[in-house]
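One-letter residues, chain by chain:
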Amino acid sequence: MATDYDTITQQYKKSKELPFRLCIEAYTFFNLLGNLAGKSVLDLACGDGFYTRQLQLQGAARVVGVDNSEKMIKLARQQEAADEQGIEYIIADVLELGLIGSFDLVAAAYLLNYAQTKEQLLSMCQSIFTNLKPGGRFVSVNNNSEQPPQSFLTSEKYGFIKSISEPLQEGTAITYTFFVGEQFSFDNYYLSPATYEWAFRNAGFKEIRWHKPLLSPDGVRQEGQEFWQDFLNYAPLVGIECVK
Ligand SMILES: C[S@@+](CC[C@H](N)C(=O)[O-])C[C@H]1O[C@@H](n2cnc3c(N)ncnc32)[C@H](O)[C@@H]1O
């Protein structure tokens, strides 16, 4: 059964304070997103709006966030009410989103890894494609399907580990456990890189690029290169860029 984010809203928010989130995850994501000035951006699986707000702060002219967790969207809307940025938040399942606009960019941090089957992955990719302008880009950070399970414990020093209870095959649940404040877990699902390529192409994307995570200069300054080496060698996340 898919993770219900309604039950881990606060813990997940806390996990966003871990250094790897800023020094690698956000750095990689925004590097791929590029110059946001004047752009319209749809943030899918926006959660509590952690990245949605940053998209607007970095110059995007119109930002819409979508998530299927009512509590996550409630938290996002509370923050919008407290500090108005003009962001619209919608509760919806990306699997059946349909056309809600025509955006320059669709951003998604950890959406596709919730697809449990190739059909679900294709539905998500179709929702993304439908909401992009011709020439628009989809940019994502996602679970790295190519990380070998033998290296799943190497991320412990960054505040989390992954685990599996069966050999990796299409649809295998990957449990992420975070050690921040109160320990908590949630599941993602494994689909092979070939299945991802298949889904992107079938949705209509012309160009598909995979990117290794990038480490920010601040990350090197704060912790030293050596600290991050396991993260870079056994990357738990991957960057993805697709052009319509
Ligand atoms: C790991 S969180 C990422 C949140 C946010 N992007 C971030 O990086 O902080 C994954 C989010 O995906 C949402 N989600 C999972 N499956 C979804 C779906 N089918 N449609 C919409 N949201 C979904 C969850 O509710 C959760 O908020």
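Calculation notes
The written sequence of each chain sets the order in which its residues are numbered from 1. Residues qualify for local features only when their pLDDT is at least 70, as the model is predicted, and side-chain atom pairs are given and counted only at 80 or more; totals for whole chains, interfaces and linings, by contrast, use all residues. The side-chain quantities take in all heavy atoms of the structure and omit both hydrogens and water. One heavy atom suffices: a residue is near a molecule or strand as soon as one of its heavy atoms comes within 4 Å of it. Whenever two N or O atoms come within 3.5 Å, that pair is a polar contact, provided that in protein one can donate a hydrogen and the other can accept it, and provided that, for residues adjacent in sequence, both atoms are side-chain atoms. All accessible areas in this document rest on Shrake-Rupley with a 1.4 Å probe, and a residue is counted as covered only by the protein chains that are shown. Under this grouping Gly is polar, as are all residues other than the nonpolar Ala, Val, Leu, Ile, Met, Phe, Trp, Tyr, Cys and Pro and the charged Asp, Glu, Lys and Arg. One side-chain nitrogen of Lys or Arg within 4 Å of one carboxyl oxygen of Asp or Glu is enough to make a salt bridge. Helix numbering and strand numbering both begin at the N terminus, where a helix is a DSSP run of H or I of at least 4 residues and a strand a DSSP run of E of at least 2. Relative accessibility decides the category of a residue: with a 1.4 Å probe and only protein chains considered, values under 20% of the type maximum give buried, values over 50% give exposed, and everything between is partly exposed.

(A) Focus on the site of the ligand. With respect to spatial proximity, 19 residues lie near the ligand, and among them Lys16, Ala45, Asp67, Asp93 and Val94 are the closest. One nitrogen or oxygen atom from the main chain of valine 94 is found 2.9 Å from a nitrogen atom belonging to the ligand. Contacts to the ligand include alanine 109, whose backbone N or O atom sits 3.0 Å from a nitrogen atom. In isolation the ligand has 600 Å² of accessible area, and contact with the protein removes 96% of it. Looking at the shell around the ligand residue by residue, the classes come out as 13 nonpolar, three polar and three charged.

(B) Just the pattern of salt bridges, in detail. In the structure shown here, the tally under the stated rule is twelve salt bridges. Across the salt bridge formed by glutamate 241 and arginine 209, the nearest N and O atoms sit 3.2 Å from each other. Taken together, the residues glutamate 241 in strand β10 (residues 237–243) and arginine 209 in strand β9 (residues 207–211) connect sequence positions 32 residues apart. Among the residues examined, arginine 209 registers a relative accessible area of 33% and is labelled partly exposed. Across the pair arginine 221 and aspartate 218 runs a salt bridge whose closest N-O atoms are separated by 2.4 Å. Residue arginine 221 and its partner aspartate 218 are located together in helix α7 (residues 217–223), separated by three residues, close to a single helical turn.

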